[in-house]
Amino acid sequence: QPGSEGSTFRICFRAYDDVSSSTTCAMVHVARCMYCTLPGESLVSIAKRFQTNWLQMWAANDPDVVADDAAALEASEVSPWAEDGVRKPHDLSAGVLIRLGPTLRTRHDMTLEEIADRYQTTVRSLLQVNPDLHEGVIPMQTEVCVLPGICSPNDPQAEPM
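Residues numbered from 1 in each chain as written. Predicted model: local features only at pLDDT ≥ 70, side-chain atom pairs only at ≥ 80, totals over all residues. Heavy atoms only, no water.

A. Main features of the state of the cysteines. Evaluated as defined, the whole model comprises two disulfides. In this model cysteine 33 forms its disulfide with cysteine 145; the gap between the sulfur atoms is 1.7 Å. Where cysteine 33 bonds to cysteine 145 through sulfur, the torsion about that S-S bond is close to 90°, and the disulfide is right-handed. Here cysteine 33, found in the loop between strand E2 (21-29) and strand E3 (34-36), pairs with cysteine 145, found in strand E9 (residues 143-145); they are 112 residues apart in sequence, far enough to count as distant. Summarising the burial analysis for this pair, cysteine 33 and cysteine 145 share the class buried. Taken in sequence order, the bonded cysteines of the protein link in the pattern 1-2, 3-4. (Disulfide = S-S within 2.5 Å. Helix = DSSP H or I, 4+ residues; strand = E, 2+ residues; numbered from the N terminus. Buried < 20%, exposed > 50% of the residue type's maximum accessible area, 1.4 Å probe, protein only.)

B. Just the pairing of strand E1 (residues 8-16), in detail. With nine bridges joining them, E1 and E2 adopt antiparallel strand pairing. Across the sheet, residue isoleucine 11 finds its bridge partner in E2, namely alanine 26. (Pairing = 2+ DSSP bridges.)

C. The packing of aromatic side chains, seen in detail. Inspection of the entire model under this criterion finds one aromatic pair. Relative to phenylalanine 50, the ring of tyrosine 35 lies with its centre 5.7 Å away and its plane at 80°, an arrangement referred to as edge-to-face. Placement of tyrosine 35 in strand E3 and of phenylalanine 50 in the loop between helix H1 (43-49) and helix H2 (54-60) is noted, with a sequence separation of 15 residues between them. With a relative accessible area of 11%, phenylalanine 50 lands in the buried category. (Phe/Tyr/Trp six-rings, centres within 6.5 Å; stacked < 30°, edge-to-face > 60°.)

Listed below in structure tokens is the structure:
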């Protein structure tokens, strides 16, 4: 659900029959800057959806970076894209967890304009990947997903091989 990024939810399940009932609850954290692929998607189509470049996401999914999140990935039961050994930007399986970009934890109160200027992106891009944030002051220690403007869509190297 867009707007749930960075939130933690308590989800409870109740099972019952004619004799008894049982309730079990679990805490679920929705990570920022992570995306679970759908059938038929590629890095190119996902990049277009988030108005960035497939190279941005390729770089954000470096195997060493993904390895740092091994516990979170194992708990999610979603496969990391970098696990395959061969990574093809145009051939992603459904249900693969990819990182859209880095996250920033604000060190002091900041505005989206300040973050956008610092990371060469736009407020619109920040709001698209952080729909729970609003224009104005972002409080200190807030986690923000950032898609830095590192690759131009007009760059000839931006097309996948």
